[in-house]
Amino acid sequence: MKVVSRHSLPLAFFLYRADAWIVPQLSKRIAISSRFLTSFYGSMSSELPALTFVTGNKKKLEEVKHILSSNGNKLPFDVTNQKIDLPELQGDDPVEIAKEKCKLAAEQVQGPCFTEDTSLCFYALNGLPGPYIKWFLEKCGHDGLNKMLVGFNDNSAYAQTVFAFTIGPGHPVEVFDGRTEGKIVPPRGSLDFGWDPVFEPLEGNGKTYAEMNKDEKKAISHRSRSLAKLSAYLSENAESIAQDLSTKKARSS
Ligand SMILES: O=c1nc[nH]c2c1ncn2[C@H]1C[C@H](O)[C@@H](COP(=O)(O)OP(=O)(O)OP(=O)(O)O)O1
Ligand SMILES: [Mg+2]
């Protein structure tokens, strides 16, 4: 088979010359465009609207940071945190509690913010402790939570987080819920975070939340499911939110 034609030599020489000219030109172009893009995105990122996550719970904050950063933090906002212990609201509707919590946070922050409220609901008790889990855990501990189910044949439960977001005081509040089904078991694993040792999710291969590493919990947690919905909402509505914020700013100045 004839591989080298009689035109090959001039063609190779042309390609060599063309290469010698094109490559430096191209790399100049690439350098210019990457400088342009860096300054473009640089100026954009410094102008991203700030969004405050208000919580008094440092483990929640840790998980939220981990979830956002491991998703490449594609949020078109600069997320910061304020540690404010908001009053614990009463009621049995987690969505109403989450909304009220977010309104209180917005009053404190005087700007765009989000909060979350987390419940642990036992089916045998028609959803209790639910939003009251903080007090049940504090007063009764892990053993108490197990003892509450003695005499029932059903130890099934679900964990629920409701994130709530508003652009500021007096503005509507959007809510996003996420759930994980599981069961209440005698405590196993690290005692770092709330009721994690007594909650064994159905999708957890027999581990309690407290026996999982950060990524395992993130993959199935009530918090990451709810946060995924909030993130999607913020990304889809980034332009109109930024617009509302600048109108609000212009009005108040
Ligand atoms: O993934 C979790 N795994 C285990 N325990 C958890 C989790 N998430 C919240 N918890 C605990 C904290 C508190 O005892 C209660 C929720 O109450 P909740 O009012 O939402 O939290 P909080 O008062 O600690 O913080 P915040 O200032 O955001 O209201 O469940
Ligand atoms: Mg709370």
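Just so you know, these numbers come straight off a predicted model, no measurement behind them.

Some details on the packing of helix α2 (residues 58-70) against helix α6 (residues 222-236)
- The geometry of α2 relative to α6 is characterised by a closest axis approach of 11 Å and an angle of 55° between their N-to-C directions. With respect to α6, the axis of α2 lies oblique. For the element pair α2 and α6, the recorded crossing hand is right-handed. Between α2 and α6, the residues in contact are K60, E63, V64, I67 and L68 and R223, S224, L227 and S231, respectively.
- In the contact of α2 with α6, the residues fall into four nonpolar, two polar and three charged.

Focus: unusual backbone geometry
- Cis geometry is found at the peptide bond from L128 to P129, where omega equals 0°.
- Mapping P129 onto the fold places it in strand β4 (residues 129-130).
- Phi is positive for Q110, close to 55°, though the residue is something other than glycine.
- The residue Q110 is located in the loop between α3 (94-109) and β3 (113-122) in this model.

Overview of the site of ligand 1
- Taken together, 18 residues are adjacent to ligand 1, and T55, K101, K134, D196 and R223 come closest.
- Separating an oxygen atom of ligand 1 from a side-chain N or O atom of T55 is a distance of 2.6 Å.
- In this structure, an oxygen atom belonging to ligand 1 sits 3.1 Å away from a side-chain N or O atom of H222.
- The protein chains hide 95% of the 590 Å² of surface that ligand 1 would expose on its own.

Reading guide: rules and limits
Residues numbered from 1 in each chain as written. Chains lettered and ligands numbered in written order. Predicted model: local features only at pLDDT ≥ 70, side-chain atom pairs only at ≥ 80, totals over all residues. Heavy atoms only, no water. Axes fitted to C-alpha atoms, helices over the stretch in contact; angles between N-to-C directions. Helix = DSSP H or I, 4+ residues; strand = E, 2+ residues; numbered from the N terminus. Parallel < 35°, antiparallel > 145°, perpendicular 65-115°, else oblique. Left-handed = near helix turned anticlockwise from the far one by under 90°. Contact = heavy atoms within 4.5 Å. Nonpolar A, V, L, I, M, F, W, Y, C, P; charged D, E, K, R; others polar. Near = heavy atom within 4 Å. Polar contact = N/O pair within 3.5 Å; in protein donor to acceptor, adjacent residues only side chain to side chain. Areas by Shrake-Rupley, 256 points an atom, 1.4 Å probe, with all protein chains shown as cover.

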